[in-house]
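Structural characterization, general
The chain contents come next:
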Amino acid sequence: MFYVFEGLVFSGVLMSVLSFFLLVSLPVFEKEIDILELENSQIQLQNRLQESELLQLSQQIQPHFMFNTLNIVLSLARLNRQKDLVESIEKFSMYLRYKYTDKKDLIPFNEEMAQVKNYLYIQQLRFGKKLDITIQTEEMDMPAGIPPYTLQILVENAFKHALGEKKGQKKLLIIFERLGNWVKLYVIDNGTEPLDLQSSQGIGLENIRKRLKLLFDLYTDISITKNKEQETVVQVVWPYITLED
């Protein structure tokens, strides 16, 4: 009986100690939870700010594209090319709709590629046979995640700063490939004015770099080089993540 009583007393004392410890520790736990919530909020805010900056940069390029598109539409109307006229308006409408819809931090690459193809369709009408566009990607890699507007900004920059004013044949090559746990995106043009990460032209590229670092804890990179043909090569690297469309 004595041992039973002693056990009850010990249990009571132990519960009292644990209760006291929990009461004393509760503010610390709450503080840690608050700090985690604050950090998560800051990360989400940073992501939103980066997305807003990228969208703003894309919109800085858009007026040039809109002006050129309207000229193309006007020319098609004057030439009575009804089929091309309707399709160009449809592509342009889809391009604008994509730019003003909410995006997640990552979207499937094929969704971004579809948007870029709408843009390239207009540019092809603009330059005709003087523009040679090549896209190389594997179907199995199309669901890979990409931060929205990444490819779009690279391609728009290529036209704004390089191909738009280039005389003669214009070439644009897009390569998207998976290498193990990473993906690599290349945008290559034969324009005469290469982009520079340190210049005002490179602001969009630097923002893409910052956004990649915010989204991924692993290795990411964006670089600009010249290949042996003296073409400008923009390369972007980030971790491979599969997304469903």
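Residues numbered from 1 in each chain as written. Predicted model: local features only at pLDDT ≥ 70, side-chain atom pairs only at ≥ 80, totals over all residues. Heavy atoms only, no water.

**Points about the nonpolar core**
Membership of the largest hydrophobic core comes to 44 residues, with the highest contact counts inside it found for L151, V155 and L185. Elements with a minimum of two residues in this core: α1 (2–78), α2 (82–99), α3 (109–127), α4 (150–163), β4 (170–179), β5 (182–189), α5 (203–215) and β7 (232–239). Examining the composition of this core, we find that 8 residues originate from one element, α3, more than from any other. What L185 contacts, discounting residues up to four positions off in sequence, is F109, I146, T150, L151, L154, I174, I175, F176, V234, Q235, V236 and W238. (Core = buried A, V, L, I, M, F, W, Y, C linked by side-chain atoms within 4.5 Å. Buried < 20%, exposed > 50% of the residue type's maximum accessible area, 1.4 Å probe, protein only. Helix = DSSP H or I, 4+ residues; strand = E, 2+ residues; numbered from the N terminus. Contact = heavy atoms within 4.5 Å.)

**Thoughts on the confidence of the model for the protein**
Predicted confidence across the protein gives a mean pLDDT of 75, with 67% of residues reaching 70 or more. Note that residues 1–10 has pLDDT below 50 and, in this model, 0 contacts with residues that lie over four places away or in other chains. Confidence drops under a pLDDT of 50 for residues 28–33, and excluding neighbours within four residues, the segment shows 0 contacts in the predicted structure. (pLDDT = per-residue confidence, 0-100.)

**Description of the sheet that holds strand β6 (residues 221–226)**
Strand order in this open sheet of 5 strands is β2-β4-β5-β7-β6, and the pairing throughout is mixed. For this open sheet the edge positions go to β2 (131–137) and β6, each flanked by a neighbour on one side alone. Each strand axis lies, on average, 10° off the axis of its neighbour in the sheet, ignoring direction. Bridge count between β5 and β7: 8 bridges; the pairing is antiparallel. Among the inter-strand pairings, Y186 is bridged to a residue of β7, identified as Q235. In this fold α3 packs onto β2, β4 and β5, with an angle of close to 165° to the strand it touches most, β2. (Pairing = 2+ DSSP bridges. Axes fitted to C-alpha atoms, helices over the stretch in contact; angles between N-to-C directions.)

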